[in-house]
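Residue-level listing of the chains:
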There are 6 protein chains.
Amino acid sequence: MTPIFFLLAFLISTINSHVAAIDFCVADLKGAQTSVGYPCKLPKDVTVEDFVFSNFTVGTPNQFNFSLTPAIVDNFPALNGLGLSMARVELEEGAIIPMHTHVDATEVVIAGSGLGKYTTGFITSDNVVYIKTLVEGDIFVIPKGLLHFGFNAGEGKASGMAVFSSEKPSVQIVDLALFGNDLDSAIVEKTTFLDAEQVKKLKDLFKGSG
Amino acid sequence: MTPIFFLLAFLISTINSHVAAIDFCVADLKGAQTSVGYPCKLPKDVTVEDFVFSNFTVGTPNQFNFSLTPAIVDNFPALNGLGLSMARVELEEGAIIPMHTHVDATEVVIAGSGLGKYTTGFITSDNVVYIKTLVEGDIFVIPKGLLHFGFNAGEGKASGMAVFSSEKPSVQIVDLALFGNDLDSAIVEKTTFLDAEQVKKLKDLFKGSG
Amino acid sequence: MTPIFFLLAFLISTINSHVAAIDFCVADLKGAQTSVGYPCKLPKDVTVEDFVFSNFTVGTPNQFNFSLTPAIVDNFPALNGLGLSMARVELEEGAIIPMHTHVDATEVVIAGSGLGKYTTGFITSDNVVYIKTLVEGDIFVIPKGLLHFGFNAGEGKASGMAVFSSEKPSVQIVDLALFGNDLDSAIVEKTTFLDAEQVKKLKDLFKGSG
Amino acid sequence: MTPIFFLLAFLISTINSHVAAIDFCVADLKGAQTSVGYPCKLPKDVTVEDFVFSNFTVGTPNQFNFSLTPAIVDNFPALNGLGLSMARVELEEGAIIPMHTHVDATEVVIAGSGLGKYTTGFITSDNVVYIKTLVEGDIFVIPKGLLHFGFNAGEGKASGMAVFSSEKPSVQIVDLALFGNDLDSAIVEKTTFLDAEQVKKLKDLFKGSG
Amino acid sequence: MTPIFFLLAFLISTINSHVAAIDFCVADLKGAQTSVGYPCKLPKDVTVEDFVFSNFTVGTPNQFNFSLTPAIVDNFPALNGLGLSMARVELEEGAIIPMHTHVDATEVVIAGSGLGKYTTGFITSDNVVYIKTLVEGDIFVIPKGLLHFGFNAGEGKASGMAVFSSEKPSVQIVDLALFGNDLDSAIVEKTTFLDAEQVKKLKDLFKGSG
Amino acid sequence: MTPIFFLLAFLISTINSHVAAIDFCVADLKGAQTSVGYPCKLPKDVTVEDFVFSNFTVGTPNQFNFSLTPAIVDNFPALNGLGLSMARVELEEGAIIPMHTHVDATEVVIAGSGLGKYTTGFITSDNVVYIKTLVEGDIFVIPKGLLHFGFNAGEGKASGMAVFSSEKPSVQIVDLALFGNDLDSAIVEKTTFLDAEQVKKLKDLFKGSG
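Definitions and cut-offs
- Residues numbered from 1 in each chain as written.
- Chains lettered and ligands numbered in written order.
- Predicted model: local features only at pLDDT ≥ 70, side-chain atom pairs only at ≥ 80, totals over all residues.
- Heavy atoms only, no water.
- UniProt positions renumbered as here; feature names shortened; annotations may be inferred.
- Pairing = 2+ DSSP bridges.
- Helix = DSSP H or I, 4+ residues; strand = E, 2+ residues; numbered from the N terminus.
- Disulfide = S-S within 2.5 Å.
- Contact = heavy atoms within 4.5 Å.
- Buried area = accessible area lost by both parts, 1.4 Å probe.
- Salt bridge = Lys/Arg side-chain N within 4 Å of Asp/Glu carboxyl O.
- Polar contact = N/O pair within 3.5 Å; in protein donor to acceptor, adjacent residues only side chain to side chain.
- Least-squares fit on C-alpha atoms with pLDDT ≥ 70 in both.
- Buried < 20%, exposed > 50% of the residue type's maximum accessible area, 1.4 Å probe, protein only.
- Core = buried A, V, L, I, M, F, W, Y, C linked by side-chain atoms within 4.5 Å.
- Axes fitted to C-alpha atoms, helices over the stretch in contact; angles between N-to-C directions.
- Parallel < 35°, antiparallel > 145°, perpendicular 65-115°, else oblique.
- Left-handed = near helix turned anticlockwise from the far one by under 90°.
- Nonpolar A, V, L, I, M, F, W, Y, C, P; charged D, E, K, R; others polar.

In the nomenclature of an unreviewed UniProt entry, chain A corresponds to Germin-like protein from the organism Lupinus angustifolius. Checking UniProt for chain A, the heading Sequence similarities (unreviewed entry) contains the comment "Belongs to the germin family."

Next up, the structure:
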């Protein structure tokens, strides 16, 4: 009775079965990237474990009192080509997420449990501030590319999950960009209008030179 | 000192400020949809609350022992144009999520807490089954458009969150498509190879006719 | 007189002529796929025959009384990157095309000649059935990803051509997905509400196990 | 038993059902076009006939001995957003399809029956000619935007079908562009290097002025 | 002789000529925006002047010693849907272009004439600085979304043109985002690690409050 | 103090740093092209010079009295994936830019200085001519794929810059396509309605055969 199905299934194809990815494109991280991501692993090399990312759990808090666990294409290749990734965030009391942007990704924050107060906000390109203290069960959208920040405004921990509209969201942290490299201090000063002393202090703090 | 910035800010533009959406496109749900979604609300009508979705929490379990709370463009207009949405799922003991597809969306399941065993799987177009019992902190990718299912295989509740690569993921449940409408039983039988009695029984169960 | 044109033609470029594909991207089927298809054959290796697919004609009917001849990127590499493919279908009297989906492709059916009655239909995600018996010269659109089916409702042969909005449309046949593999029968039963006996009967028919 | 499905079906959504197009976007031809096509008809106004185009058959031959029947978004609104359209072509003996381009669409020609010889070819941007006399059952790909032509080289009729990778393929016929309007003859001459007499003769033939 | 062409031209179509935009989609700036831009002006309302932007010339220098003249979709509607816009920039001696990002656009700078030294640079998301003093005839690419800056490092004027990979590039200037609005100073301090005094000074300078 | 940032920077990722391109995708011109361009150079091999194109200046006039200097992905790899390229054009007195199309790119012309009169125009697919004599500071949009031309109508030189909505715009010059290759003269004649003598004359001029 199968011949009919073999005929139909010809579309899903024995023609080129050694390379034919049809239903998914799990990243071959060793392959050359293009502007749309990684090449696909050969289907014969794909197993159920390729679709599973384990331990998307709470990380160890740093001295700034938060932890972050990302699941992005580079550590979860099944996300390749999906334009989707995520991260777990845990904010200890007093935690601060510094001012930053995600170059090509909108971020959706889903507030989790905790007695803390997860406060987050973004600034538009016409300089309007949208800020919100989230409670458990709130979702907040941070539009693509805009400066945003977060902190724990309460007593106790706060937690959340971030979803990004990119499988490989890059992060540009303003302080690191300005002070954590060898960008000439005089250039920082004139293009940010910060005082020389302030620049020097932050260059020291963020291990920059120049 | 500001004139310089007004000049630069001209790019973000007073030219057409009454309609100019630049940083986001919050859906005007009353506007006419196109193949890429809804038109944008006028920026002047956008407030911080547009970026917040509240009560993304546990719903009331149904008689199948699961609940589902979606956040999609139609109830959370800030998702417009993002190709992103999400749903909370709570599985009571014995819960079953019937065989279904999401027409144009990959689903990423993030297993939450609970003593239950959230088991989920999908079937590829060459009929290979990928199935996994998730533990808390597991993420599982269900590629776009493929038949998939879930159930709680353990004792106690299970929970999870689903993220979709579409702001408006449609759901096609096989049983409802076949038995929950007026599709002629004879056609169902011949195109599925199910027995007439079986079709009749399920037509009754799912309130279909024909 | 040509120098002028050589200068202009510099845009179409001697700079990198050994790799430069400009007007087309015929698939190199041996190259690594990405989420947008195959890499391009080197232009120097492309001939007119790459643009020709021969014998897009009637195949041999199977015991279900239909034949299918596909032209997709894997057997017609000129379709690479076009989001377009096609198939010839011939329905003998009594032919049945079983319930299935094309994961990421809309299908457009063009009814050909024959005394048969090519009947086809699809079911939307809100379970509405759209069904039509086509006559020669009818075109019918089956939206992307939805369950659909066909059969020859008349006396005599029917024929048609299908065009897909994908160069590599995958086919998921419900019966094969449920019964043609090792998916545990108990899972099939609980996620489809089919009786155990029915599942067993179809597992036997479609050579599945489990 | 249905409440569970209503909950699940919430994703396909009663929230906004009066405007919610999910599975398709049939064109509302009276709506304002965007760069991605027409807005969608309200789902409540969509019937099965929206998915059917009738009489995609042979037209009346013109004095150049061919006929053409198009099915594009403007006369078949179900094609909206699909990037797909088609046309029937019948070539009488001696028929000529003049040199032309389709601005934003690849064309796939499928040769039909007939004793004629459907010859077609295209010219690349580095001026290489690809030409082929098709026999019934041949498919030929004409890459996007390139100059191409066709004619019936045989004795008897030839027929074919064209599929375009655009739901609204535009046609630019070289002779009409140069001679069928009020473009100044002196400009035509200097930018094409044609003789003044030749330009005048073709301006007369194609009813141009200037 | 024209009937043949009318038949062929049917593809470009009298069917729906009052709304049919085929070759271009000049923005109707009064229409509702979608995530892909403005709706198209009716072709009958389009004239040659829609394709012309005049006075893309040097503006009046501001007190920061530069001028900027943009041509974007909001003042040049022919750019709608093209993903392309441009700006003229003139830098007087000592001019500074402050640290900023373009949310969704790569910028390509083309250095023009002048004795000045147009210096520009960007910082990647891993904090590497790429900086260059351009001479006339240099082109410099600033990748999408990254912090960048410019200044005239020489004696005499410098000039340039910027091309953006967006028809509506938004500009987010770090100083204005942090200090030119009512964002609470305490939040600015903790998320940027700037001193309170510095924040106050710049809030005053950029007319912010909070 | 840095550990926090290393954690955050994990998103931009040490996981796969030897291949991870995030902020840009400078073309590896030796890599295999796909339908979306070249693979990315490894970030470790990228320097500031990759973002700089030098000598985008006036070329040597040819006997048709114009010069053209392109900056496209093949000679400026930083443009890879941007959908953007540019060319400098200098028109001596009497210069002619012959009738041509850019297959998949809109062209934006920016008129520069000079006493000449840069005249340019395009023809739509319904044969309407849009023509304009530009003055310095005019921008003119030539929609994708349409036939267009240019010439210097004045006394003295004219200059301009062209921006293309493609990183690799191909050029199809009508005369070269028809007369600069081995396309059979009889085919040229019948598909263009040109006289045999005219075809022969231009075949000679453009070094064609056939």
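That was the structure; now back to the text.
Participant: Just give me the short version of the sheet that holds strand 3 (residues 85-91) of chain B, but keep the residues and values in it.
Facilitator: Strand order in this open sheet of six strands is 1(A)-8(B)-5(B)-10(B)-3(B)-2(B), and the pairing throughout is antiparallel. Of all the strands in the sheet, the pair left with one neighbour each is strand 1 (52-53) of chain A together with strand 2 (66-71) of chain B. Two elements, strand 5 (residues 107-111) of chain B and strand 8 (residues 139-142) of chain B, share four bridges in a ladder whose sense is antiparallel. In the strand pairing of strand 8 of chain B, Val-109 of chain B is matched with Phe-140 of chain B.

Participant: Talk me through the state of the cysteines; I want residue IDs and the actual numbers.
Facilitator: All names here are of chain A. Evaluated as defined, the whole model comprises six disulfides over all chains. Across the disulfide from Cys-25 sits Cys-40; the S-S distance is 2.1 Å. Its S-S torsion of approximately -95 degrees makes the covalent link between Cys-25 and Cys-40 left-handed. Here Cys-25 is found in the loop between helix 1 (3-9) and strand 1, whereas its partner Cys-40 is found in the loop between helix 1 and strand 1, with 15 residues between them in sequence.

Participant: Can you explain the interface of chain C and chain D? Please cite residues and give values.
Facilitator: Listed as interface residues are 47 residues of chain C and, on the opposing side, 47 residues of chain D. Together, Asp-23, Phe-51 and Ile-139 of chain C form the three largest contributors to the area buried by chain C at its contact with chain D, with a combined 17%. On the surface where chain C and chain D come into contact, there are two salt bridges. Lys-132 of chain C is paired through a salt bridge with Glu-49 of chain D; the nearest N and O atoms lie 2.9 Å apart. Counting across the chain C and chain D interface gives 14 residue pairs in polar contact (both at pLDDT 80 or more).

Participant: Can you break down the relation of the copies chain C and chain D residue by residue, with the values?
Facilitator: Least-squares fitting of chain C to chain D yields an RMSD of 0.0 Å, with the superposition described by an axial translation of 0.0 Å and a rotation of 180 degrees. In short, the pair behaves as if placed about a two-fold rotation axis. By residue overlap, the copies meet face to face through one surface: 100% of the interface positions of chain C are interface positions in chain D.

Participant: For the UniProt feature "binding site: oxalate" (unreviewed entry) in chain A, give the residues involved together with the corresponding values.
Facilitator: Residues and elements named next belong to chain A. Per the UniProt record, "binding site: oxalate" (unreviewed entry) is found at His-102 and Glu-107. As for its placement among the helices and strands, His-102 is situated in strand 4 (residues 96-102). Note on His-102: relative accessible area 3%, which makes it buried. By the secondary structure assignment, Glu-107 is in strand 5 (residues 107-111). Classification of Glu-107 by relative accessible area gives buried; the value is 8%. When residues no more than four places from it in sequence are discounted, the contact partners of Glu-107 are His-100, His-102, Phe-140, Val-141, Ile-142, His-148, Ala-162, Val-163 and Phe-164. Polar side-chain contacts of Glu-107 include one of 2.9 Å to the side chain of His-102.

Participant: Would you mind going over the relation of the copies chain A and chain B in detail, with residue names and values included?
Facilitator: The transform that puts chain A on chain B rotates by 180 degrees and translates by 0.0 Å along the axis, for an RMSD of 0.0 Å. Residue by residue, 100% of the interface of chain A is reproduced at the interface of chain B, so both copies engage with the same surface.

Participant: Provide a residue-level description of the nonpolar core, including the pertinent values.
Facilitator: In terms of nonpolar packing, the biggest core is built from 388 residues, with Phe-51 of chain A, Phe-51 of chain B, Phe-51 of chain C, Phe-51 of chain D, Phe-51 of chain E together with Phe-51 of chain F touching the most fellow members. For Phe-51 of chain B, the contacting residues outside a window of four places in its chain are Phe-122, Tyr-130, Ile-139, Phe-140, Val-141 and Pro-143 of chain A together with Phe-24, Val-26, Val-46, Phe-76 and Ala-78 of chain B.

Participant: Please provide a residue-by-residue account of the interface of chain A and chain B, values included.
Facilitator: Facing the 46 residues of chain A at the interface are 47 residues of chain B. Both faces combined, the contact of chain A with chain B buries some 3,700 Å², and carbon together with sulfur accounts for 72% of it. For the pair chain A and chain B, the number of links is two salt bridges. In this assembly, chain A and chain B are joined by 14 residue pairs in polar contact (both at pLDDT 80 or more). Listed by contribution, the elements that provide at least two residues to the side of chain A that touches chain B are strand 1, strand 5, strand 7 (129-134), strand 8 (139-142) and strand 10 (158-164) of chain A. Here strand 1 of chain A runs beside strand 8 of chain B; their pairing, made up of two bridges, is antiparallel. When the sheet's bridge partners are listed, Phe-53 of chain A is paired in strand 8 of chain B with Ile-139 of chain B.

Participant: Explain the packing of helix 3 (residues 185-192) of chain C against helix 4 (residues 196-205) of chain C residue by residue, including any values.
Facilitator: All names here are of chain C. Running from N to C, helix 3 and helix 4 cross one another at 125 degrees; their axes reach a closest spacing of 10 Å. If you check the angle between helix 3 and helix 4, you find them oblique. Crossing handedness for the pair helix 3 and helix 4: right-handed. Listed contacts from helix 4 to Ser-185, Val-188 and Glu-189 of helix 3 are Ala-196, Val-199 and Lys-203. Its residues assigned to classes, the contact of helix 3 with helix 4 shows three nonpolar, one polar and two charged.

Participant: Would you mind going over the UniProt feature "binding site: Mn(2+)" (unreviewed entry) in chain A in detail, with residue names and values included?
Facilitator: All names here are of chain A. Residues annotated by UniProt as "binding site: Mn(2+)" (unreviewed entry) correspond here to His-100, His-102, Glu-107 and His-148. For this annotated set, covering 49 residues, all C-alpha atoms fall within 11.8 Å of each other, a compact arrangement in space. If near-sequence neighbours (up to four positions away) are discounted, His-102 is found in contact with Glu-107, Lys-144, Gly-145, His-148, Phe-164, Ser-170 and Val-171. In this fold, His-148 is placed in strand 9 (residues 148-152). Residue class for His-148 comes out buried when judged on its relative accessible area of 2%. Apart from residues no more than four positions distant in its own chain, His-148 is found in contact with Pro-98, Met-99, His-100, Thr-101, His-102, Glu-107, Gly-121, Phe-122 and Ile-142.

Participant: So what's going on with the side chain of Thr-101 of chain C? Which residues, and what values?
Facilitator: Topologically, Thr-101 of chain C is positioned in strand 4 (residues 96-102). Sequence-distant contacts of Thr-101 of chain C, defined by excluding residues within four places in its chain, comprise Gly-145, Leu-146, Leu-147, His-148, Ser-170, Val-171 and Gln-172 of chain C.

Participant: An account of the sheet that holds strand 7 of chain A is requested, with residue identities and associated values reported.
Facilitator: Residue and element names in this part refer to chain A. Pairing is antiparallel across the open sheet formed by five strands, whose spatial order is 7-6-9-4-11. What marks the edges here is a single partner per strand, and that holds for strand 7 and strand 11 (171-173). Pairs of neighbouring strands in the sheet enclose a mean axial angle of 25 degrees, with direction left out of account. Pairing between strand 6 (residues 118-123) and strand 7: six bridges, direction antiparallel.

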